[in-house]
Amino acid sequence: MSEWPINAERERLEEARLGTADWRLWGPYLAERAWGTVREDYSADGNAWDHFTHEQARSRVYRWNEDGLGGICDREQRLCFALALWNGRDPFLKERAFGLTGPQGNRGEDVKECWFYRDALPTASYLRYLYKYPQAPFPYRGLIEENARRSRQDPPYLLTDTGCFDAQRYWDVDVFYAKAGPREIHIRIYLKNRGPEAAEIHLLPTLWLRNTWSWDEGAEPPVLRAATAPDGAAWAVEAKHPTLGTYHLYGSHRAELLFTENLSNAELLWGSPNPSPYVKDAFHRRVVQGDTAAVNPALVGTKCAAWGHWTVGPQQHAMVDLVLSAEPLAQPFARSERTLSIRQSETTVFYDDLLPEAPRSSTGDSWQTRRASPTC
């Protein structure tokens, strides 16, 4: 007799163990930061920090991994999904975690962001992520300069020390993932204005293919292209990969679809000609700089984003629903609400079985409260 009570997540774990359902094909396997790592270090002196910097990351292609905010990918990281944000004031899109390199930090490597992993099931059938994005310009330069002035005996200078969260002038970007099946993922994003005044926010849910073809002479790259939106969807994108197969991304919000190639901007980085006019940093140039020529008007490429923007009142929010599915869906959002609700309830059951003695909060929201993991 099983030691544990039967519940939906334990059944999924058993199906994954037996190989009858691949519940672990998709998960939170995408790093928040891949720049500056030894995996991408091809320097002559082995100095990974200086070889691939945060500044380069928006324009330079990774070979061995990818990164993004609150993202997911398949287990071989062939197809990736994550968020990009812009507050209308930063010099570039917020696509990945910013931090100090080992030499820059007064106590070594130090990520200077505020995010929380709120919940997760072992099969990633339910995930919740919270990111706090300042409405003021993100203090990139100030964080670098102030930490450089401090000694190892001084405390590190944190994002919360800069004043960028004063008067709660920031966004709560709350992201939920719920699997209807191993290859059908429902995504909900809340953009809540925590501040005292109306504020502008740009959201670019981004789907892209890790570049493996540039290092394989003669290899045909996979492709993303705009598709006809079915009932209830505002837009659709089709992704075709030779080993992963075909996937479809559907969005509920009005958006401008942007397409480019996941290729390094060689002209910017090294002064060499670009193999394509459409390169990795195209969305920064389109959204922040207004460069319409940066993106492919044919709506095809290996990286795409659905650019939407809102002005949201104080303590109000905008909401976006998306679905990523291997099968084409005639009504992609028909079961989003139910899937999100059921997976949330199953998460409560799973952790209450594991930790029946854990105290509940006054709201009964124990499964959210006890496993919040601040990284601010």
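The sections below set out a description of the structure shown in this document. (Residues numbered from 1 in each chain as written. Predicted model: local features only at pLDDT ≥ 70, side-chain atom pairs only at ≥ 80, totals over all residues. Heavy atoms only, no water.)

### Points about the overall build of the protein chain
Counting secondary structure elements, the protein chain contains eight helices and 18 strands. The 376 residues of the protein chain split such that 56% are buried. Of all intrachain contacts in the protein chain linking residues separated by at least 6 positions in sequence, the fraction that spans at least 24 positions is 69%. Within the structure as shown, the protein chain displays about 16,800 Å² of accessible surface, and the carbon and sulfur contribution to it stands at 50%. In the protein chain, the 43 positive side-chain charges and the 50 negative ones have mean positions that sit 2 Å from each other. (Helix = DSSP H or I, 4+ residues; strand = E, 2+ residues; numbered from the N terminus. Buried < 20%, exposed > 50% of the residue type's maximum accessible area, 1.4 Å probe, protein only. Contact = heavy atoms within 4.5 Å. Areas by Shrake-Rupley, 256 points an atom, 1.4 Å probe, with all protein chains shown as cover. Lys, Arg positive; Asp, Glu negative; His and termini not counted. Charge placed at Lys NZ, Arg CZ, Asp CG, Glu CD.)

### Regarding the nonpolar core
Core analysis: the biggest nonpolar cluster contains 72 residues, and Ile189 and Leu207 have the highest contact counts within it. Sequence-distant contacts of isoleucine 189, defined by excluding residues within four places in its chain, comprise Leu83, Val173, Asp174, Val175, Leu203, Ala318, Met319, Val320 and Leu322. If you look at the next biggest cluster of nonpolar residues, it comprises eight residues, including Leu121, Ala178, Leu340 and Phe350. (Core = buried A, V, L, I, M, F, W, Y, C linked by side-chain atoms within 4.5 Å.)

### Let's talk about unusual backbone geometry
Its identity is not glycine, yet glutamine 77 carries a phi of approximately 50 degrees, on the positive side. Mapped onto the elements, glutamine 77 comes out in the loop between β2 (69-74) and β3 (79-86). Take glutamine 77: its relative accessible area is 9%, and that puts it in the buried class. Of note, the phi angle at glutamine 168 is positive, near 60 degrees, even though the residue is not glycine. With respect to the helices and strands, glutamine 168 occurs in the loop between α4 (140-149) and β8 (170-181). We classify glutamine 168 as partly exposed; its relative accessible area is 35%.

### Examining the sheet that holds strand β1 (residues 26-27)
Either a parallel or an antiparallel arrangement is found when strands of a sheet pair, and the pairing is made through backbone hydrogen bonds. Taken in spatial order, the six strands of this open sheet run β1-β2-β3-β10-β16-β14, and their pairing is antiparallel. Whereas interior strands pair on both sides, the edge strands pair on one side only; in this sheet they are β1 and β14 (256-260). In this structure, β1 lies alongside β2, joined through two bridges in antiparallel fashion. Residue pairing in the sheet places glycine 27 in a bridge with cysteine 73 of β2. (Pairing = 2+ DSSP bridges.)

### Concerning the state of the cysteines
Per the stated rule, a full pass over the model turns up zero disulfides. A disulfide-free cysteine, cysteine 73 has its sulfur positioned 5.0 Å from the sulfur of cysteine 80, the nearest such atom. (Disulfide = S-S within 2.5 Å.)

### Here's the deal with the packing of aromatic side chains
The tally for this structure, following the rule as stated, stands at 14 aromatic pairs. Where phenylalanine 98 meets tyrosine 140, the ring centres are 4.9 Å apart and the plane angle is 85 degrees; that geometry is what we call edge-to-face. Here the residue phenylalanine 98 occupies a position in the loop between β3 and β4 (99-100), and tyrosine 140 occupies one in helix α4, the gap between them amounting to 42 residues. With relative accessibility at 5%, the residue phenylalanine 98 sits in the buried group. Ring centres of phenylalanine 138 and tyrosine 140 lie 4.5 Å apart, and the angle between their planes is 40 degrees; on these two criteria the pair is classed as tilted. Residue phenylalanine 138 is classed as buried on the basis of its relative accessible area, which comes to 4%. What links up through ring pairs into an aromatic cluster is the set Phe92, Phe98, Phe138 and Tyr140. When the ring centre of tryptophan 23 is taken as reference, the NZ or CZ atom of arginine 12 above it lies at 5.6 Å. Above the plane of the ring of tryptophan 35 lies arginine 33, whose end atom (NZ or CZ) is 5.0 Å from the centre. (Phe/Tyr/Trp six-rings, centres within 6.5 Å; stacked < 30°, edge-to-face > 60°. Lys NZ or Arg CZ within 6 Å of the ring centre and 35° of its normal.)

### Some details on the pairing of strand β17 (residues 317-325)
Summarising burial for β17: seven of the nine residues are buried, a large majority. As defined by bridge partners, strand β9 (residues 184-193) adjoins β17 across nine bridges and the pair is classed as antiparallel. Its bridge partner lying in β17, tyrosine 190 is registered against methionine 319.

### Here we look at the pattern of salt bridges
All chains considered together, the criterion is met by 27 salt bridges. A salt bridge links glutamate 113 to lysine 94, with the shortest nitrogen-to-oxygen separation between them at 2.6 Å. Highlighted residues: glutamate 113 in the loop between β5 (110-111) and β6 (115-120) and lysine 94 in the loop between β3 and β4, separated in sequence by 19 residues. This pair shows no difference in class: glutamate 113 is buried, exactly as lysine 94 is. Residues joined in a network through salt bridges with shared partners are Glu9, Arg12, Arg343 and Glu346. (Salt bridge = Lys/Arg side-chain N within 4 Å of Asp/Glu carboxyl O.)

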